[in-house]
Amino acid sequence: MGKVVLVTGVARQLGGRFVRRIQRDPDVGRVIGVDAVEPEHPLGGADFLKADIRHPAIAKVLAETHVDTVVHMDINGTPLGGRGSRAVVKETNVIGTMQLLGACQKAPHVKRLVVKSSASVYGSAPRDPAVFTETTPPKSLPSGGFAKDAVEVEGYVRGFARRRPDVAVCVLRFANILGACADSPLAEYFSLPVLPTVLGYDPRLQFVHEDDAIEALCLAAGKPRRGTLNSGTFNIAGDGTLLLSQCSRRLGRPTLPLFLPTVTWAGSALRSVGITDFSPEQIRMLTHGRVVQTTQMRETLGFHPKYTTAESFAEFARSRGPGLLPPETLARTVDRLAAVLPARSGPTQ
């Protein structure tokens, strides 16, 4: 018998792709997908159990299926398919994680836990370091939204690791995941016909391709390769960075530079009509940016992404189709504006 792997959040595209991918691992004997709603995509030969991880019944699932590896992917920033609300997402992220960890703690056969976290736990602040390492404390903890959820989730995971030292725990802090199936607030933002930006700021951004995200999760869920260690906390991102202005050019979508209070108001308006979750945390990220160091990802975890940040964004841009303006025309326009309104410099620029 091979490993029994339980995966949460399989109704989302990324979760479904991971389930189909890990079934090809020769060490895996059975894969069980769990979600509160039935997925609209195939899960291959995996078993699907309709269960809400916010409810204590998830403990019964682990006990009856003798799961030894849990991959927790049901931590997200947007409702599934536009259904639900921010409150439901937060409950699933935080309360759902608490219930799942409680179930894992009671299941003696669970030996490995992998958690899909986010680099948003570092926040975005004016005096942030140029590059975050896994041990860098944030200058200002996220005060709300998905970033705060991720901070709370990681706190519960650390508590679980202390109570169950026999379980190998791996937390993957992903940069913004992009690709054809990307489902995140930032993907929604980049899909707007015109991109609201903060006047005077041009933040540095990092991305990771969804294919690389899946491979990193598979690596964390398996036995460590020779000379590597897949327990601990790791930043996951593609090489290099892109400026927000470069992203807009490559998308062919013009930017609308606004003063910060106006951007905040516009974000609230977009969020209230359901166009995109333009949260205050996302506005801070689009003001100050965020870059993480990936040395531990390569040297300790032994993971080498196939796509760079630029290549990941190019794949995403192709999947979204052309913007309002040809990229070449937009580039010339942005260059002219930049000559008149030079970007404000700062610690993270």
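Residues numbered from 1 in each chain as written. Predicted model: local features only at pLDDT ≥ 70, side-chain atom pairs only at ≥ 80, totals over all residues. Heavy atoms only, no water.

Draft legend 1. Here's a closer look at the overall build of the protein chain. Secondary structure summary: the protein chain contains 12 helices and 13 strands in total. Looking at the 349 residues of the protein chain, the share that counts as buried comes to 52%. Restricting to contacts in the protein chain with at least 6 residues of sequence separation, those with at least 24 account for 81%. Summed over its atoms, the accessible surface of the protein chain is roughly 15400 Å², and 56% of this surface lies on carbon and sulfur atoms. (Helix = DSSP H or I, 4+ residues; strand = E, 2+ residues; numbered from the N terminus. Buried < 20%, exposed > 50% of the residue type's maximum accessible area, 1.4 Å probe, protein only. Contact = heavy atoms within 4.5 Å. Areas by Shrake-Rupley, 256 points an atom, 1.4 Å probe, with all protein chains shown as cover.)

Draft legend 2. Structural view of the environment of Val37. Looking at the secondary structure, you find Val37 in the loop between strand 2 (28–35) and strand 3 (47–50). Val37 gets classed as partly exposed once you look at its relative accessible area, which sits at 28%. Along the chain, Val37 and Lys50 lie 13 residues apart, while their C-alpha atoms are 6.4 Å from each other.

Draft legend 3. Layout of the packing of aromatic side chains. Summed over the entire model, instances satisfying the criterion amount to seven aromatic pairs. Measuring from ring centre to ring centre gives 6.1 Å for Phe190 and Phe207, while their planes differ by 70°; the resulting arrangement is edge-to-face. Residue Phe190 is found in helix 5 (residues 185–190), and its partner Phe207 is found in strand 10 (residues 207–209); the two are separated by 17 residues along the sequence. Phe207 gets classed as buried once you look at its relative accessible area, which sits at 0%. One aromatic cluster is present, formed by Tyr189, Phe190, Phe207, Phe313 and Phe316 through successive ring pairs. (Phe/Tyr/Trp six-rings, centres within 6.5 Å; stacked < 30°, edge-to-face > 60°.)

Draft legend 4. Looking closely at the environment of Phe160. Within the secondary structure, Phe160 sits in helix 4 (residues 145–163). It is 8.1 Å that separates the C-alpha atoms of Phe160 and Gly102, two residues lying 58 residues apart in sequence. When residues no more than four places from it in sequence are discounted, the contact partners of Phe160 are Leu101, Cys104, Gln105, Leu113, Val167 and Val169.

Draft legend 5. Quick look at a nonpolar patch on the surface. A contiguous nonpolar surface patch, about 240 Å² in accessible area, is contributed by Ile95, Met98 and Tyr156. Within the secondary structure layout, Tyr156 lies in helix 4. Since its relative accessible area comes to 31%, Tyr156 is described here as partly exposed. (Patch = residues over 30% accessible without salt bridge, like charges linked within 9 Å, V, L, I, M, F, W, Y side chains within 5 Å. Salt bridge = Lys/Arg side-chain N within 4 Å of Asp/Glu carboxyl O.)

Draft legend 6. Looking closely at the confidence of the model for the protein chain. In this model, the protein chain carries an average pLDDT of 88, and 87% of its residues clear a pLDDT of 70 or more. Per-residue pLDDT stays below 50 along residues 343–349; that stretch engages in 21 contacts with residues further than four places along the chain or on separate chains. (pLDDT = per-residue confidence, 0-100.)

Draft legend 7. The side chain of Thr97, seen in detail. Among the secondary structure elements, Thr97 is positioned in helix 3 (residues 86–106). For Thr97, a relative accessible area of 1% puts it in the buried group. Within the structure, the side chain of Thr97 is placed 2.4 Å from the backbone oxygen of Asn93, a separation counted as a polar contact. Not counting residues within four places of it along the chain, the set of residues in contact with Thr97 comprises Ile53, His72, Ile75, Thr92 and Val153. (Polar contact = N/O pair within 3.5 Å; in protein donor to acceptor, adjacent residues only side chain to side chain.)

Draft legend 8. Spatial organisation of the packing of helix 7 (residues 244–251) against helix 11 (residues 309–320). Interaxial distance between helix 7 and helix 11 falls to 10 Å at its minimum, and their mutual angle equals 35°. Two packed elements cross with a definite hand, and for helix 7 against helix 11 that hand is right-handed. Every residue of helix 11 that contacts helix 7 at Cys247, Arg250 and Leu251 is listed here: Ala310, Phe313, Phe316 and Ala317. Counted by class, the contact of helix 7 with helix 11 contains six nonpolar, no polar and one charged residues. (Axes fitted to C-alpha atoms, helices over the stretch in contact; angles between N-to-C directions. Left-handed = near helix turned anticlockwise from the far one by under 90°. Nonpolar A, V, L, I, M, F, W, Y, C, P; charged D, E, K, R; others polar.)

Draft legend 9. Molecular detail of the pattern of salt bridges. A full pass over the atoms with the stated rule returns 16 salt bridges. Between Asp149 and Lys90 there is a salt bridge, and its shortest N-O distance comes to 2.9 Å. Of this pair, Asp149 sits in helix 4 while Lys90 sits in helix 3, and the two are 59 residues apart along the sequence. Measuring nitrogen to oxygen at the nearest pair gives 3.7 Å for the salt bridge that ties Lys90 to Glu152. Of the two residues, Lys90 is situated in helix 3 and Glu152 in helix 4; the sequence distance between them amounts to 62 residues. By relative accessible area, which is 25% here, Glu152 ends up partly exposed. It is possible to trace a salt-bridge network through shared partners that takes in Arg17, Glu210 and Asp211.

Draft legend 10. Structural detail: the nonpolar core. Counting residues in each nonpolar core, the largest one holds 32 residues, and the members touching the most others are Val7, Phe18, Val71, Leu172, Phe174 and Ile236. Examining the composition of this core, we find that eight residues originate from one element, helix 6 (residues 210–221), more than from any other. Among the nonpolar cores identified, the runner-up in size contains 26 residues, and Val4, Val34, Ile58 and Val169 belong to it. (Core = buried A, V, L, I, M, F, W, Y, C linked by side-chain atoms within 4.5 Å.)

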